[in-house]
Amino acid sequence: MKTSRFFAAATILVLTASSIFSQTLEPGVYESADKVTHVTVKLSGNKLLFNDGRDTSEYLKIAENKYLWKEYSLILMAGENGKLVMTNQEGSFKTEYGMYAPANGQPAPGVMAFTWHDNRYYAAPNKDPRFTGTYKTEDEGKFGPPLVHLDANGSGSFQMHGGTPIPITWWMETSITGEVRKIKGARGDRYTLVVKYGPGGGGNYPEGSFDRMQFDVWPDKAVILGERVKPL
């Protein structure tokens, strides 16, 4: 009886060790559990380049699938199920990111790849008729400009405060496979609207640039950027 227990325990240890050592840190775009924060990982020799959408930090390899940023004593390493784990040398905190877009991954047919703040994302044409129409800004109980207009054919316009409408092309953000990405909340679902600006914007809205906008859909209305509203 003791012998069987010994071999069973040994088997578990071997399987556990095997799963640990098989973890591999892959380059690509990772996302936080709430799907809000996206980071990019690139591997170059014994270095890992980590971009959080604002800055790029350089981590040095200290073990297989484990890298250290000496300046702040932060560690990036491979976690379970393909996750990226950030911790410190003391192990007093841990943040996990799931894989969003592998570096060498190819989007499904009909899915577009685009870059925003140095990170790669995916989008596809909208298929939900609720999302098309004109979104107006509420001001002291009255609705008017600035407006967002979304046509069913993927064209539309975006108006800045105090500005004239800019032509846009729009999509819904998806995964690499084309699944529309949403976060379920207490009031409804949160999506990400992807737009590409046409001519006439300039400044923060240069022609040909992409933008990602918060898009909330509740039972009675859809809201872009927390203020442009369309009743449902």
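For the structure, check the block above.
It is worth spelling out the overall build of the chain at this point. Within the chain, the secondary structure is distributed over one helix and 19 strands. The buried share of the chain, taken over its 232 residues, is 40%. The contacts of the chain with a sequence gap of at least 6 include a subset with a gap of at least 24, amounting to 42%. When the accessible surface of the chain is split by element, carbon and sulfur atoms take 53% of a total near 13,500 Å².

The next point concerns the nonpolar core. In this structure, Leu193 and Phe215 are the most contacted members of the largest nonpolar core, which totals 20 residues. Every element with two or more residues in this core is listed here: strand 12 (142-150), strand 14 (165-174), strand 16 (189-197), strand 17 (210-217) and strand 18 (221-224). Those residues in contact with leucine 193 that lie beyond four places of it in its chain are Leu150, Trp170, Trp171, Met172, Asp211, Arg212, Met213, Phe215 and Ile224. Among the nonpolar cores identified, the runner-up in size contains 15 residues, and Phe50, Trp69, Leu74 and Leu76 belong to it.

Another point: unusual backbone geometry. In this chain, proline 145 is followed by proline 146 through a cis amide linkage whose omega measures 0°. Along the chain, proline 146 turns up in strand 12. Phi is positive for lysine 35, close to 65°, though the residue is something other than glycine. You can call lysine 35 partly exposed: its relative accessible area is 34%. Backbone geometry places aspartate 118, a non-glycine residue, at a positive phi of 70°. Of note, aspartate 118 is situated in the loop between strand 9 (112-116) and strand 10 (119-124).

Spatially, the eight strands close up into a barrel ordered 1-2-3-4-5-6-7-8, and their pairing is antiparallel. Taking each pair of neighbouring strands and ignoring which way they run, the sheet shows an average axis angle of 30°. Sheet topology places strand 7 (residues 84-88) next to strand 8 (residues 94-102); four bridges connect them, and they run antiparallel. From the neighbouring strand, methionine 86 faces strand 8, where its bridge partner is threonine 95.

Tracing the backbone shows glutamate 26 in the loop between helix 1 (2-21) and strand 1 (28-31). Sequence separation of glutamate 26 and valine 41 is 15 residues, and the distance between their C-alpha atoms is 7.9 Å.

A few words now on the side chain of threonine 192. With respect to the helices and strands, threonine 192 occurs in strand 16. You can call threonine 192 buried: its relative accessible area is 18%. Residues contacting threonine 192, with those up to four places away along its chain left out, are Trp171, Met172, Glu173, Arg181, Arg212 and Met213.

This next bit is on the pairing of strand 8. Taken together, the four bridges between strand 1 and strand 8 define a ladder with antiparallel strand orientation. Looking at strand 8, one finds that glycine 28 is bridged to proline 102. From the end of strand 7 to the start of strand 8, which pair antiparallel, there are five residues, and glycine 91 there has a positive phi angle of about 75°.

A separate point is the packing of aromatic side chains. Scanning all chains against the criterion turns up 16 aromatic pairs. Considering the side-chain rings of tyrosine 135 and phenylalanine 215, the 6.0 Å spacing of their centres and the 75° angle between planes classify their relative orientation as edge-to-face. Here the residue tyrosine 135 occupies a position in strand 11 (residues 133-139), and phenylalanine 215 occupies one in strand 17, the gap between them amounting to 80 residues. Neither residue differs from the other here; tyrosine 135 and phenylalanine 215 are each classed as buried. Cluster of aromatic residues (ring-pair linked, three or more members): Tyr100, Phe114, Trp116, Tyr121, Tyr122, Trp171 and Phe210. Above the ring of tryptophan 218, the side-chain terminus of arginine 187 is found at 3.6 Å from the ring centroid. Directly above the ring of tyrosine 121 sits arginine 212, whose terminal nitrogen or CZ lies 4.1 Å from the centroid.

How each quantity is defined
Residues numbered from 1 in each chain as written. Predicted model: local features only at pLDDT ≥ 70, side-chain atom pairs only at ≥ 80, totals over all residues. Heavy atoms only, no water. Helix = DSSP H or I, 4+ residues; strand = E, 2+ residues; numbered from the N terminus. Buried < 20%, exposed > 50% of the residue type's maximum accessible area, 1.4 Å probe, protein only. Contact = heavy atoms within 4.5 Å. Areas by Shrake-Rupley, 256 points an atom, 1.4 Å probe, with all protein chains shown as cover. Core = buried A, V, L, I, M, F, W, Y, C linked by side-chain atoms within 4.5 Å. Pairing = 2+ DSSP bridges. Axes fitted to C-alpha atoms, helices over the stretch in contact; angles between N-to-C directions. Phe/Tyr/Trp six-rings, centres within 6.5 Å; stacked < 30°, edge-to-face > 60°. Lys NZ or Arg CZ within 6 Å of the ring centre and 35° of its normal.

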